[in-house]
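Listed below, chain by chain, are the residues.
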Amino acid sequence: MKNVLLKIILFCKRPGIINRLIFFGGALIALFSFFIPDVKFGLTMKNPPKLSIEQIKKTPIDDLPRYIIVTDSKVLQSERKFGLEALGDSLVSTLSEDQKQSLGESLNISSYGYVTEQKIKKRDTTLSAIYYPVYSIAEAKTTQTANALECYVVIKDTHVTPAELENDKYFTNATFSIQGRFDGTTIDSETLNLLEESGYHANKNAIILTKGNTPMSLVNAIVLSILAALIAIIVFLSFLSSSFLYKIFGVEQDVIKVNE
């Protein structure tokens, strides 16, 4: 068995150092960011708990479960002010002076706002994710828009497509639900500022919930944790010298002598 393991480690020495560092880092990230947290979740509970936004607000961040189903919550539109130029020159040109004056210097337009995250692949920019706030239904009953409210839960959706966002189909779909994975992170300053520009107000400690992510089974989480740990250990050992590896594994190294 030790001879097989030694051969695997020696084989892993073939890729360059940078490639091995990428594999090592990737294995550690997968282990500690995904697999082990899912193992802990599977050992403590079977299904994601249902929590209201009020319960989430009252629960310390360190005590929040990894997966959450947010109940009694909804998405709200925000109201923003735009100048007449927001209508477009062609539409403004059709308005009379009285109509322009009645509209005033600005227009109040309500819409579903969100922050987009994009990625560049092969010089093409594609949609990577969107961020948007959600509010308790009790809060939503007091206002038509979210401008006067402060959100404590921000949803990140990495599965959304541009087609779903057209005509607000994403937010008005009858099957819309709010549940996902909590990685222990709170909103960053850049996303916070971008939401503010969209007319939303988020608490600086608002949590980020990744929509659509569900817990893996406990067995799968354990197996993947073991595999990731083994990969990390093997790649780490590949950085040691071959002579030292032969020594610690107790295997005699073949020496080729050249007769002159």
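For the structure itself, consult the block above.
Residues numbered from 1 in each chain as written. Predicted model: local features only at pLDDT ≥ 70, side-chain atom pairs only at ≥ 80, totals over all residues. Heavy atoms only, no water.

A. Local environment of the overall build of the chain. For the chain, the helix and strand inventory stands at 11 helices and 10 strands. Within the chain, the proportion of its 260 residues that are buried is 34%. Here the contacts in the chain between residues at least 6 apart in sequence split such that 70% fall between residues at least 24 apart. Accessible surface, the chain: about 16,700 Å² in total, of which carbon and sulfur atoms supply 55%. (Helix = DSSP H or I, 4+ residues; strand = E, 2+ residues; numbered from the N terminus. Buried < 20%, exposed > 50% of the residue type's maximum accessible area, 1.4 Å probe, protein only. Contact = heavy atoms within 4.5 Å. Areas by Shrake-Rupley, 256 points an atom, 1.4 Å probe, with all protein chains shown as cover.)

B. Expanded view of the environment of Leu5. By the element assignment, Leu5 lies in helix 1 (residues 2-11). Judged by relative accessible area, which is 32%, Leu5 ranks as partly exposed. Distance in space between the C-alpha atoms of Leu5 and Ile234 is 8.5 Å, their sequence separation being 229 residues. Sequence-distant contacts of Leu5, that is, excluding residues within four places in its chain, are made with Ile234 and Phe249.

C. Inspection of the nonpolar core at higher detail. Residues Ile56, Ile68, Tyr132 and Val134 are the most contacted members of the largest nonpolar core, which totals 21 residues. Secondary structure elements with two or more residues in this core: helix 3 (53-58), strand 2 (67-71), strand 7 (124-136), strand 8 (151-157), helix 8 (169-172) and strand 10 (202-211). Looking at this core element by element, the count peaks at three residues for strand 7. Those residues in contact with Tyr132, other than ones at most four positions away along the chain, are Val75, Gly113, Tyr114, Val153, Val154, Ile155, Tyr170, Phe171, Phe176 and Lys211. Core analysis: the second largest hydrophobic core is formed by 16 residues, Ala146, Leu149, Cys151 and Ile208 among them. (Core = buried A, V, L, I, M, F, W, Y, C linked by side-chain atoms within 4.5 Å.)

D. Spotlight on unusual backbone geometry. A positive phi angle, close to 55°, is found at Asn167, a residue other than glycine. With respect to the helices, strands and loops of the structure, Asn167 is situated in the loop between helix 7 (162-165) and helix 8. According to the relative accessible area criterion, Asn167 is exposed, its value standing at 73%. The phi angle at Asp168 is positive, at roughly 60°, despite the residue not being glycine. Of note, Asp168 is situated in the loop between helix 7 and helix 8. Here Asp168 falls in the partly exposed class, since its relative accessible area comes to 25%.

E. Inspection of a nonpolar patch on the surface at higher detail. A surface patch of nonpolar side chains, amounting to about 590 Å² of accessible area, comprises Val219, Ile222, Val223, Leu224, Ile226, Leu227 and Leu230. Relative to the helices and strands, Leu224 resides in helix 10 (residues 218-237). (Patch = residues over 30% accessible without salt bridge, like charges linked within 9 Å, V, L, I, M, F, W, Y side chains within 5 Å. Salt bridge = Lys/Arg side-chain N within 4 Å of Asp/Glu carboxyl O.)

F. The packing of aromatic side chains, seen in detail. Under the definition given, this model contains seven aromatic pairs. Centre to centre, the rings of Tyr170 and Phe171 are 4.9 Å apart; their planes meet at 80°, and the pair counts as edge-to-face. With relative accessibility at 9%, the residue Phe171 sits in the buried group. An aromatic cluster is built from Tyr112, Tyr114, Tyr132, Tyr170 and Phe171, whose rings are joined through pairwise contacts. Sitting over the face of the ring of Phe239, Arg20 holds its NZ or CZ atom 4.9 Å from the ring centroid. (Phe/Tyr/Trp six-rings, centres within 6.5 Å; stacked < 30°, edge-to-face > 60°. Lys NZ or Arg CZ within 6 Å of the ring centre and 35° of its normal.)

G. Broad picture of the pattern of salt bridges. Here the structure, examined in full by the defined rule, presents four salt bridges. Taking the shortest distance from any N to any O, the salt bridge between Arg66 and Asp183 comes out at 3.3 Å. Residue Arg66 is located in the loop between helix 3 and strand 2, and its partner Asp183 is located in strand 9 (residues 179-186); the two are separated by 117 residues in the primary sequence. Arg66 gets classed as buried once you look at its relative accessible area, which sits at 10%. Among the salt bridges present, the one from Arg181 reaches Asp183, with a minimum N-O distance of 2.7 Å. Look at Arg181 and you get buried, because its relative accessible area is 11%. Through salt bridges with shared partners, a single network forms among Asp38, Arg66, Arg181 and Asp183.

Any functional reading would require information beyond the geometric quantities listed.
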